[in-house]
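Geometric and topological summary
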Amino acid sequence: MTAKLTGLLRRDLALAYRQKAELMQPLIFFLIVISLFPLGVGPGPQTLQKIGPGVIWVAVLLSSLLGMERLFRDDFNDGWLEQMMLSGLPLSLVVLIKVAAHWLTCILPLLLVSPLLALFLNLTPPMYQALLLSLLLGTPLLSLVGATGVALTLGLQRGGVLLSLLLLPLLVPLLIFATSAVDAAALQLSYNGQLAIIGALFLLALALTPLATAHALRVSQN
Amino acid sequence: MWKWLHPYAKTEQAYRLCSTLLPWFAVASLLCLIPGLIWGLAYAPADYQQGDSFRIIYLHVPSAILSMGAYSAMAVAAFIGLVWQIRSADMAVAAIAPVGAVMTFIALFTGAAWGKPMWGTWWVWDARLTSELILLFLYLGVIALYQSFEDKQQGSKAAGIMALVGVVNLPIIHYSVEWWNTLHQGATITKFGKPSIAPDMLWPLLLCLAGLAFVVGALSLYRLQTEMLRRELHRPWVQKLAGGNSDAV
Amino acid sequence: MSQLCVNNLACIKRDRLLFDAVCFSLQAGDILHLQGPNGAGKTSLLRILVGLSEPQSGSVQWHGAPISQDRAAYHRQLIYFGHKPGVNLALSARENLRYWCDLQGVAQPLDIYSLLDSLGLVGLEDLPASQLSAGQQRRIGLARLWLKSARLWVLDEPFTALDRHAVTLLKQRMQMHLGEGGMIVLTSHQSLEWAGQLKTLHLEYRI
């Protein structure tokens, strides 16, 4: 079974490598959105520092939604999803592998460019550290919940806008705790509590969303 | 499977049950809501701080409670549909969602209208209003998902999963928003939920709550019936029902 | 005892009854040709048969037990070639087959080139599948019939977009499979010229 699962992971990584250009687009969108804010609200370092955490997290949510459909859309359209469902593997494990591959290929690049944001939005080093930790814990949660949303909208010809509509309200707690962690870091306060809550949410999602996603995938096949 | 639930797995039986319950719900809602509103709006004592403007709670509080109640009912229906594969439960999800959304909207609207005299502005990012707003978004998501599917059977199943995901998330959203609110606003805005409320105010409030609950129930039942008829249009039992009616007319 | 047994299947799609009371059973060496006009529910029946979707009522039994009892065991004995071939357009023929073998847990044969050769895919094996013709893409999907040994093949329109050479090749492979005691359920719009015994099941279009 492990061999089957690593085979799946390898396939998704190979596919991502083949479609590099497509993966770059959300990343560039992310950078553009971030640089719109100084243009919109003015370049004052104090203002930027104040709105920075919120802006970054909102931009992360929006740009990750852009590439979210990649999770299952192609597999659904070309019939690979059927083959996965008939492979004898538990579907929720397949979902976990898909989510892991998605996180590695679509979300990790966002984390890699994040030092740039610290410069753009005038974040202090402690703030950046908090931001990075919140991203590390929070974005897997984003991928997990996103997978459920994508699976739910698979049966539709176009699920793009609807997907955001379904997912964004669900991600409100993540936004609140993540930005508050960075805010706390700005005030030199401890932000372990916020991180612990995000971690707990992540574990909850890890336990529940693969089941929900697997079920939604089955519904999409009906 | 629950023995008593089983007969209603058949849509036809569920339809009959709805037909039996609907008049009772309609009458009960009128019996509770009319006296409750008259009592609350005209006879109950005015609040010593807020004057008459507080009377909006006779609509605001019940609708806010029911917006959550309807969501729970929807989630229960979704759960039943998911676990026991009962078609009429899936339909119930689609039937309840718009009713719940309307309740949420009423709660938001009355909350905003109450905010105008109290806080001097229509909208305040108060914890309860904010969670209510997100609840409305969740409702809209479920409705939009259902509406987008051409295949309503698939759509109602998807909407059911969404409702369940939402109900797990709802307490998390609620507490995170509350926490966010205290963080950003401190205790400048006092809560309205008073530990003690005068019995003269409580009784009409309870009546209004019960009345509105029956309204929600009646509307949901009515929508569920419509949904059943529309979805099973080609089934013999609907044909027979339609045939019987046209004979009577 | 028959190996695959279908009892009283009914299917409702978009609130329309596609079929009901569908019964058949297959023994080793049987081939069933599913016929019927577009929209009669052939694909839906195949999808129920492999366990992708649930019937409204009725059951599919494999060796006497419902398939939902041990899906993994059933799927090990099954190859499904669907309406959508399951070939990723960004990957090459060789990669597509390799990842499918990984997924099914079967070893990729050493002489994959001779297989690709007989399917007319040599020289194209490293091109992304998007650059191949529709028939070539479907041939990639059909190559699976040579890669995994399974008792039951469920094939949805396997002859679509294939040239005459490929059709002959596929038929030979199917004969061989039946000779080894395999079973086949397939749909096909063309009437099937078949040397051996052919069971047929006709689905009507209902309103």
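What counts, and at which threshold
- Residues numbered from 1 in each chain as written.
- Chains lettered and ligands numbered in written order.
- Predicted model: local features only at pLDDT ≥ 70, side-chain atom pairs only at ≥ 80, totals over all residues.
- Heavy atoms only, no water.
- UniProt positions renumbered as here; feature names shortened; annotations may be inferred.
- Helix = DSSP H or I, 4+ residues; strand = E, 2+ residues; numbered from the N terminus.
- Buried < 20%, exposed > 50% of the residue type's maximum accessible area, 1.4 Å probe, protein only.
- Contact = heavy atoms within 4.5 Å.
- Areas by Shrake-Rupley, 256 points an atom, 1.4 Å probe, with all protein chains shown as cover.
- Buried area = accessible area lost by both parts, 1.4 Å probe.
- Salt bridge = Lys/Arg side-chain N within 4 Å of Asp/Glu carboxyl O.
- Polar contact = N/O pair within 3.5 Å; in protein donor to acceptor, adjacent residues only side chain to side chain.
- Axes fitted to C-alpha atoms, helices over the stretch in contact; angles between N-to-C directions.
- Parallel < 35°, antiparallel > 145°, perpendicular 65-115°, else oblique.
- Left-handed = near helix turned anticlockwise from the far one by under 90°.
- Phe/Tyr/Trp six-rings, centres within 6.5 Å; stacked < 30°, edge-to-face > 60°.
- Lys NZ or Arg CZ within 6 Å of the ring centre and 35° of its normal.
- Patch = residues over 30% accessible without salt bridge, like charges linked within 9 Å, V, L, I, M, F, W, Y side chains within 5 Å.
- Nonpolar A, V, L, I, M, F, W, Y, C, P; charged D, E, K, R; others polar.

Per an unreviewed UniProt entry, chain B goes by Heme exporter protein C and derives from Bowmanella dokdonensis. Its UniProt record gives chain B a comment under Function (unreviewed entry), which states: "Required for the export of heme to the periplasm for the biogenesis of c-type cytochromes." Heading Sequence similarities (unreviewed entry) of the UniProt record for chain B holds this comment: "Belongs to the CcmC/CycZ/HelC family."

Per an unreviewed UniProt entry, chain A goes by the name Heme exporter protein B and belongs to Bowmanella dokdonensis. The Sequence similarities (unreviewed entry) field of the UniProt record for chain A holds the comment "Belongs to the CcmB/CycW/HelB family." Its UniProt record gives chain A the following Subcellular location (unreviewed entry) comment, quoted word for word: "Cell inner membrane".

Observations regarding the overall build of chain B
Broken down by element type, chain B carries seven helices and zero strands. Starting at the N terminus, the α and β elements of chain B follow one another as α-α-α-α-α-α-α. Counting the 249 residues in chain B, one finds 47% classified as buried. Considering only residue pairs separated by 6 or more positions, chain B has 78% of its internal contacts joining residues 24 or more positions apart. Of the roughly 12,600 Å² that chain B leaves accessible, carbon and sulfur atoms contribute 70%.

Let's talk about the interface of chain A and chain C
If you look at the interface, chain A gives 24 residues, while chain C gives 27 residues. Considering only the surface of chain A that becomes buried against chain C, Glu82, Gln83 and Leu86 of chain A emerge as the three largest contributors, covering 27% of it. Ionic pairing is found between Glu82 of chain A and Arg47 of chain C, a salt bridge with its closest N-O pair at 2.8 Å. Viewed at the interface, chain C and chain A are joined by nine residue pairs in polar contact (both at pLDDT 80 or more). Counting only elements with at least two residues in the side of chain A that touches chain C, the list comes to helix H1 (2-18), helix H4 (73-78) and helix H5 (80-85) of chain A. Looking at the side of chain A that touches chain C, the element that brings in the most residues is H1 of chain A, giving eight residues.

What to know about the pattern of salt bridges
For the structure shown, the criterion picks out 17 salt bridges over all chains. The salt bridge involving Arg70 of chain A is made with Glu22 of chain A; its shortest N-O contact spans 3.4 Å. Here Arg70 of chain A is found in the loop between helix H3 (45-68) and H4, whereas its partner Glu22 of chain A is found in helix H2 (residues 20-41), with 48 residues between them in sequence. Here Asp126 of chain C and Arg94 of chain C are joined by a salt bridge, their closest N and O atoms 3.1 Å apart.

A word on the UniProt feature "transmembrane region" (unreviewed entry) in chain B
In the numbering adopted here, UniProt assigns the feature "transmembrane region" (unreviewed entry) to residues 21-44, 64-84, 91-115, 127-146, 158-177 and 201-222 of chain B. Split by type, residues 64-84 of chain B is 100% helix and 0% strand. Its first and last C-alpha atoms lie 30 Å apart.

Here we look at the packing of H2 of chain A against helix H6 (residues 91-112) of chain A
All names here are of chain A. It is the contact of H2 with H6, at a shortest axis distance of 10 Å, that shows an interaxial angle of 30°. For the element pair H2 / H6, the angle class is roughly parallel. Both H2 and H6 take part in a crossing whose hand is right-handed. Contacts between H2 and H6 pair Leu23, Leu27 and Phe30 from the former with Thr105, Cys106, Pro109 and Leu110 from the latter.

With respect to the environment of Phe29 of chain A
All names here are of chain A. Within the secondary structure layout, Phe29 lies in helix H2. Each C-alpha atom, one on Phe29 and one on Leu144, is 22 Å from the other, the two residues being 115 residues apart in sequence. Setting aside its immediate chain neighbours within four residues, Phe29 contacts Leu62, Ser63 and Leu66.

Notes on the packing of aromatic side chains
With the rule as written, the count across this model stands at seven aromatic pairs over all chains. An angle of 70° between the planes, with centres 5.1 Å apart, marks the rings of Tyr71 of chain B and Tyr139 of chain B as edge-to-face. Residue Tyr71 of chain B is found in helix H2 (residues 57-84), and its partner Tyr139 of chain B is found in helix H4 (residues 127-148); the two are separated by 68 residues along the sequence. For the pair shown, Tyr71 of chain B and Tyr139 of chain B are each scored as buried. For the pair Phe105 of chain B and Phe109 of chain B, a centre-to-centre distance of 6.2 Å together with 25° between the ring planes defines the contact as stacked. Placement of both Phe105 of chain B and Phe109 of chain B in helix H3 (residues 87-119) is noted, with a separation of four residues, approximately one turn of the helix. For Lys20 of chain A, the ring lying beneath its charged end belongs to Tyr17 of chain A, and the centroid distance is 3.9 Å. Above the ring of Tyr146 of chain B, the side-chain terminus of Lys152 of chain B is found at 4.9 Å from the ring centroid.

A look at a nonpolar patch on the surface
Residues and elements named next belong to chain B. Together, Leu30, Ile34, Ile38, Trp39, Tyr43, Leu202, Trp203 and Leu206 make up a nonpolar patch on the protein surface, roughly 830 Å² of accessible area in all. Residue assignment for the nonpolar patch shows that the elements contributing at least two residues are helix H1 (11-43) and helix H6 (199-231). By residue number, the principal contributor to the nonpolar patch is H1, which donates five residues. Checked against the element boundaries, Tyr43 lands in helix H1.

Notes on the interface of chain A and chain B
Across the contact, 25 residues belong to chain A and 27 residues belong to chain B. For the pair chain A and chain B, the summed buried area comes to about 2,100 Å², and 83% of that belongs to carbon and sulfur atoms. Where chain A meets chain B, there are zero salt bridges. Our count for the contact surface shared by chain A and chain B stands at three residue pairs in polar contact (both at pLDDT 80 or more). Elements that contribute at least two residues to the side of chain A that touches chain B include exactly helix H8 (125-153), helix H9 (160-170), helix H10 (172-186) and helix H11 (192-220) of chain A. The biggest single contributor to the side of chain A that touches chain B is H11 of chain A, with nine residues. A class-by-class count of the residues in the side of chain A that touches chain B yields 17 nonpolar, eight polar and no charged.

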